[in-house]
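Fold and geometry: a report
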Amino acid sequence: MKDKVVLVTGAARGLGAAVAEHLEAAGARLVRADQSFSDGEGPEKVALDVSSADSWKRCAASVREEFGRLDVLVNNAGISCRADLLTTDDEDFDRVLRVNVWGVWRGIKTFAEDLAAVRGCVVNVGSVYGASTAPASRTSPSSVAYQASKAAVHQITRVAAVELAPRGVRVNAVLPGVFRTALLADLPDAELNRRVQRAPMGRPGEPSELGPVVELLADEAASFVTGALIPVDGGHLAA
Ligand code: NAD
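Because the structure is a prediction, the values reported are computed rather than measured.

Parameters at a glance
Residues numbered from 1 in each chain as written. Predicted model: local features only at pLDDT ≥ 70, side-chain atom pairs only at ≥ 80, totals over all residues. Heavy atoms only, no water. Salt bridge = Lys/Arg side-chain N within 4 Å of Asp/Glu carboxyl O. Helix = DSSP H or I, 4+ residues; strand = E, 2+ residues; numbered from the N terminus. Buried < 20%, exposed > 50% of the residue type's maximum accessible area, 1.4 Å probe, protein only. Patch = residues over 30% accessible without salt bridge, like charges linked within 9 Å, V, L, I, M, F, W, Y side chains within 5 Å. Areas by Shrake-Rupley, 256 points an atom, 1.4 Å probe, with all protein chains shown as cover. Lys, Arg positive; Asp, Glu negative; His and termini not counted. Charge placed at Lys NZ, Arg CZ, Asp CG, Glu CD. Near = heavy atom within 4 Å. Polar contact = N/O pair within 3.5 Å; in protein donor to acceptor, adjacent residues only side chain to side chain. 1 Å grid on protein atoms, 1.4 Å probe; cavity = no way out; pocket = protein on both sides within 12 Å on 5 of 7 lines; lining within 4 Å. Sits in = over half its atoms within 2 Å of the grid points. Nonpolar A, V, L, I, M, F, W, Y, C, P; charged D, E, K, R; others polar.

Turning to the pattern of salt bridges, a few remarks are in order. For the structure shown, the criterion picks out 10 salt bridges. For the salt bridge of Arg69 with Asp71, the shortest nitrogen-to-oxygen distance reads 2.6 Å. For Asp186, the salt bridge identified is with Arg82, shortest N-O distance 3.0 Å. Placement of the pair is Asp186 in the loop between strand E6 (170-176) and helix H5 (189-197) and Arg82 in the loop between strand E4 (72-75) and helix H3 (90-117), with a sequence separation of 104 residues. According to the relative accessible area criterion, Asp186 is exposed, its value standing at 52%.

Right, dumping it as structure tokens:
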């Protein structure tokens, strides 16, 4: 990672913050981007709403001006909406798809030329719940929009890998299982445990356990790996 310029979206907290910290410790030059950052916090802390085309444009201008290149784009920003198939509002469904799917697509589209110029790569953050279903119950609705959005992220990963391979850009995804972050803060303990127990390892992931896998995918050691969806889930998907 030495001197690689890496942009991590949703880097203010949770998994994005942990991934950014890990890659920085490995020698990368980090651009942390988040909707909770304000303009003017500096080129390494960029205000970015991934659901806005203008915001992506401003972010790209800042990266180009300050760093002159981008080696790795980590599309991590994501939101959930805890509601069932029949109770999800139209607005909530649109919002989740706009951030989680459109935001990933727009990020890749925005930086594709920059990445091609240095034979860089993209790592998307999907979810085990884009490749299996979350348990639904009265106390824990299914989050249908979220699950659908993550399946779309997986497919964007494959399509982008195919389309960008001739340009020398690799595109992969990590699929986290259950990690204890703010995203799951509203889940009752019993439900969280139920999800955790679906993974054979029987414990939640620590945010620090995601960064090393992102690093591996971003490293030139993985130069023949593209279009891969890598679970980081304590065995959840295997089970
Ligand atoms: P989190 O809520 O703790 O952090 C998400 C970050 O993204 C926040 O800093 C937030 O400000 C930012 N963000 C939200 N909307 C944004 C937008 N429109 N533009 C820019 N930034 C925005 O969540 P987390 O658990 O760290 O999740 C990070 C990613 O990991 C998400 O894509 C999530 O779906 C995925 N994931 C998490 C888990 C888990 O167990 N926590 C499991 C599977 C996948």
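Anyway, onward from the coordinates.
A positive phi angle is found at Asp3, which is not glycine, with a value near 65°. The residue Asp3 is located in the segment before strand E1 (5-9) in this model. One non-glycine residue, Arg119, adopts positive backbone phi at about 50°.

Taken together, the side chains of Asp89, Asp90, Glu91, Asp92 and Asp94 present a region of like negative charge at the surface. A relative accessible area of 59% means that Glu91 is categorised as exposed.

The immediate surroundings of the ligand are formed by 29 residues, with Arg13, Asp34, Asn76, Tyr146 and Thr181 found nearest. Leu15 is positioned with one of its backbone polar atoms (N or O) 2.7 Å from an oxygen atom of the ligand. Contact between the ligand and Val50: a nitrogen atom at 3.0 Å from a main-chain N or O atom of the residue. Protein chains bury 96% of the 830 Å² of accessible surface belonging to the ligand in isolation. The site holding the ligand turns out to be the largest pocket. Going through the elements one at a time, helix H1 (14-25), H3 and helix H4 (144-164) are the ones with two or more residues in the shell around the ligand. Each residue belonging to the shell around the ligand can be placed in one class, and the counts come to 15 nonpolar, 9 polar and 5 charged.

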